[in-house]
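Reading the structure
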Amino acid sequence: MNLGAKLGKFGKLGKLGKVGLKETAAALLRAHDGPLTRDLLQKPGAFGLGRVPERLLPDQTTTMVCGFCSTGCGLEIHLRQGEAINLTPARDYPVNLGMACPKGWEALTPLSAPDRATNPLLRDARGKLQPVAWPVALGAFTTRFKEIQAKHGPAAVAWLGSGQIVTEELALLGAVGKFGMGIVHGDGNTRQCMATAAVAYKQSFGFDAPPFTYQDFEESDVIVLVGSNLCIAHPIMWERICRNRHNPAIVVVDPRKTETATAATRHFAPRPKSDLTLFYGLAYLLIRNNWIDRGFIDAHTAGFDALAAHVSAYPPERVAVETGVDETALQAFAETIHRGQRVSFWWTMGVNQSHEGVRVAQAIINLALLTGNIGRPGTGANSITGQCNAMGSRLFSNTTNLLGGREFTAAADRREVADILNIPEDRIPRQDSLAYDQIIEGVAAGRIRGLWIIGTNPAHSWINQGHLLEVLGRLDFLVVQDMYTSTETAERADLVLPAAGWGEKEGTFINSERRVGLAKKVARAPGQALADFHIFRLVADAWGCGDLFAEWKTPEAVFQILKRLSKGRACDISGIADYAMLDQAGGVQWPFAEGASLPTEQRFSQRRLFEDGRFFTADGRARLLFEANQALPEPTSPEFPLTLMTGRGNSSQWHTGTRTDKSAVLRRLAPRGDYVEISPADAQARGIATNDMVSVASRRAALLVRAFVTHAVQPGALFIPMHGPKVNKLTFAAFDPYSRQPAYKACAVALTRLQAP
Ligand SMILES: Nc1nc2c(c(=O)[nH]1)N[C@H]1C(S)=C(S)[C@@H](COP(=O)(O)OP(=O)(O)OC[C@H]3O[C@@H](n4cnc5c(=O)[nH]c(N)nc54)[C@H](O)[C@@H]3O)O[C@H]1N2
Ligand SMILES: Nc1nc2c(c(=O)[nH]1)N[C@H]1C(S)=C(S)[C@@H](COP(=O)(O)OP(=O)(O)OC[C@H]3O[C@@H](n4cnc5c(=O)[nH]c(N)nc54)[C@H](O)[C@@H]3O)O[C@H]1N2
Ligand code: SF4
Ligand SMILES: [Mo]
């Protein structure tokens, strides 16, 4: 089918005219991939465009994965003269089957925003950010960071990365940072998001391995969603549930009556942060009624007797008092699980962002293990991921673990990586990185003086913002590498490095179901902005360690390195030949070892883990793990009597809004300004009506927002979306002790109506 005919299918696109091969070739000539390192330093300005992959030539429509959430939908990008002009959801892609949410539909718009970073910016003597040429920027980067390291030791420079850049970039950053520049501490925004699930899986299953495939949404007869507002945060996963033909019971566990709870068949609304008690209470009932799978437990798990003893202290009477879920409801919940033939448990931030999140996640994992609901279609203890490449960052960012899920502290692992990468072993740190919050505290204490922030906006998104802003101000040198100059974090930088974004560069993302998908370059980055990949290569060269990474020339070359790093491990991707194979297959789920084959039709390309009941622990058994409840870090008090929860507000706003706020369509779909959800009881007690201006105050700050009185929240609780820039002024910096993930979803606040002037 020629381009005109192909695009003609989409009414929205209108008439495109003919795109001649000549014009395309000219576009290809204008765009080049060139050796972007030393050449570039000598010839600034002659770079930046990357290669338009040749496979785009024949039909001018190409499929690539979305760069917002972890669903990883396939989008068909329609090109004219080598550049994207529009997109439509891919119908054959096994993830989304022709669907996309508003962010996906609008994914190209943020690329042309006027506040794109087009030049490196360096703060001058008068404190103003001024455009500079790349060589000057790289000079400042290396001089300042090297000075800091020389004076205060290598660990005095740290980085914070992102689950929103491609795996190849994450691996290059991790390798250049730790093996090249001698940086000891690097972490990323995946800590805010997935650390709890990663640690829970590692402890329970022996590897950070979400077991499911999206087809499980369609195969289950009972679907339990915990702390997950799937309808707005992962709308296409919700669409997959809507395709389920087994008339499933859909059970939502969320203190709020969310969009998802409203669409469910049953909603349990426990008090905020009472999940651990609730799930131990369910385990109690399942065990007491003998609604468990003894055969599975004996063959494939360890720790049953101890768990049974532990949960015996959680009878329904206690659970009802502590959670607010009454005994009849609890009994019904247990029965629903028992009756299900294929029960799947799914969780997201309502679980991960908690002071005891790891144990809550494991309490959910325990329910799946106790009832043998794992390794079969429609089952599983399934953590839903957040960002498009949180899974890539969990495996290959060289931050929380050594490349490929290895240990920095294990000599054998270090040797293996040194051999695979052909680098001296003593370049590999022998210690774990500090976690994000510990890096921030390192800055506060003066141990960390230089910080390099890539693809994340902590000045908006980090917990207890007042403290963070104060701490950022103490840095000797702050480098921010972002697509935009206007982010709250970039505005505080000493040096801004302009980055290309999704759509302007190549590489792979790993989605929630472990599917490696391809992102492509379909647009030119503006001005002198460069792909993060090229920035990292330039940094390596400027630093003087470029030779160590001679093999890491292009994203696809790095993909080949990732294959070697994964070989023989749980996350084996050595069977994926190259990008072309990913492209043709509609992504490939790990593990996919050398020699494995794929079904011919993309949509049958589905795999789940643990079908043989063997887990990644040494003895092959999953661990049943548990612990006593921990006190809420900031309980309510007479002065601050309400619990504030935060999270996603709607399907068209993405986090700190740097991208989604640039689309007029998405702005239209989102509410204007900050608001707080208040229960009718709490509103009435304070004389508050919808649209009144109210103050929500915590011990740290007060926020003025619009009131939204709704039955969605229970008395005693409030909810404010995370998209407003000041929400985190209120939040209390508490962390899960094992995952060090911030507990964004509970702090004590007071609510008052502002008097009319
Ligand atoms: N539109 C949109 N989609 C997104 C994102 C976005 O910014 N915008 N971000 C992406 C990312 S990175 C992530 S991590 C995901 C997050 O996806 P979700 O985790 O689904 O989103 P949240 O709104 O943060 O939290 C989910 C729910 O947890 C509930 N909750 C709060 N406290 C508790 C509790 O104690 N127990 C229980 N059981 N529930 C509780 C909240 O009421 C909320 O409804 O979304 C992804 N998708
Ligand atoms: N109160 C509260 N706070 C929260 C949460 C909550 O539920 N409540 N949720 C937390 C969670 S789960 C998450 S994931 C975080 C997200 O927090 P952030 O990571 O701070 O949020 P984003 O807005 O996605 O920021 C990504 C930044 O990277 C830039 N960027 C995008 N693509 C690229 C690229 O390719 N290269 C480079 N160099 N830059 C790029 C964007 O412009 C943006 O500035 O927020 C956390 N904060
Ligand atoms: S659901 Fe997620 S991956 Fe799919 S289109 Fe929306 S933002 Fe993109
Ligand atoms: Mo997230």
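A brief look at the structure comes next.

How each quantity is defined
Residues numbered from 1 in each chain as written. Chains lettered and ligands numbered in written order. Predicted model: local features only at pLDDT ≥ 70, side-chain atom pairs only at ≥ 80, totals over all residues. Heavy atoms only, no water. Pairing = 2+ DSSP bridges. Helix = DSSP H or I, 4+ residues; strand = E, 2+ residues; numbered from the N terminus. Axes fitted to C-alpha atoms, helices over the stretch in contact; angles between N-to-C directions. Contact = heavy atoms within 4.5 Å. Near = heavy atom within 4 Å. Polar contact = N/O pair within 3.5 Å; in protein donor to acceptor, adjacent residues only side chain to side chain. Areas by Shrake-Rupley, 256 points an atom, 1.4 Å probe, with all protein chains shown as cover. Nonpolar A, V, L, I, M, F, W, Y, C, P; charged D, E, K, R; others polar. Salt bridge = Lys/Arg side-chain N within 4 Å of Asp/Glu carboxyl O. Expected span 1.5 Å × (residues − 1). Buried < 20%, exposed > 50% of the residue type's maximum accessible area, 1.4 Å probe, protein only.

Attention shifts here to the sheet that holds strand β5 (residues 129–131). Strand order in the open sheet formed by seven strands is β5-β4-β16-β15-β14-β6-β7, with mixed pairing between adjacent strands. Sheet topology places β5 and β7 (185–188) at the edges, where each strand pairs with a single neighbour. Direction aside, the axes of adjacent strands within the sheet are offset by 15° on average. Where strand β6 (residues 157–161) and β7 come together, four bridges link them in parallel fashion. The residue bridging G161 from the neighbouring strand is G188, located in β7. The sheet strands contacting helix α5 (residues 134–152) are β4 (121–123), β6, β14 (450–454), β15 (477–482) and β16 (495–498), and the helix crosses β15 at an angle near 140°.

Time to look at the site of ligand 2. Around ligand 2 sit 34 residues in total, of which N189, S461, D482, D532 and T656 are the nearest. Between ligand 2 and the protein, one listed contact pairs an oxygen atom with a side-chain N or O atom of T658 at 2.8 Å. Considering ligand 2 on its own, with 930 Å² of exposed area, one finds that the protein chains cover 99% of that surface. Elements with a contribution of two residues or more to the shell around ligand 2: β15 and β21 (642–647). Per-class residue counts for the shell around ligand 2 are ten nonpolar, 18 polar and six charged.

Let us now look at the pattern of salt bridges. Scanning the entire structure with this criterion turns up 32 salt bridges. Here the salt bridges share partners, and the residues they tie into one network are E169, K505 and D532.

Okay, helix α6 (residues 167–180) next. Between its terminal C-alpha atoms α6 stretches 18 Å, which fits the 20 Å expected from 14 residues at 1.5 Å a residue. With 14 of its 14 residues buried, α6 lies for the most part within the structure.

Here we have six strands rolled up into a closed barrel, ordered β21-β25-β22-β24-β23-β26, and mixed in their pairing. Geometrically, the sheet is characterised by an average inter-axis angle of 45° between neighbouring strands, direction not taken into account. Sheet topology note: the strand β22 (residues 675–678)/strand β24 (residues 702–709) ladder contains four bridges and is parallel. Looking at the pairing, E677 lines up with F708 of β24.

Shape descriptors only; they carry no functional weight alone.
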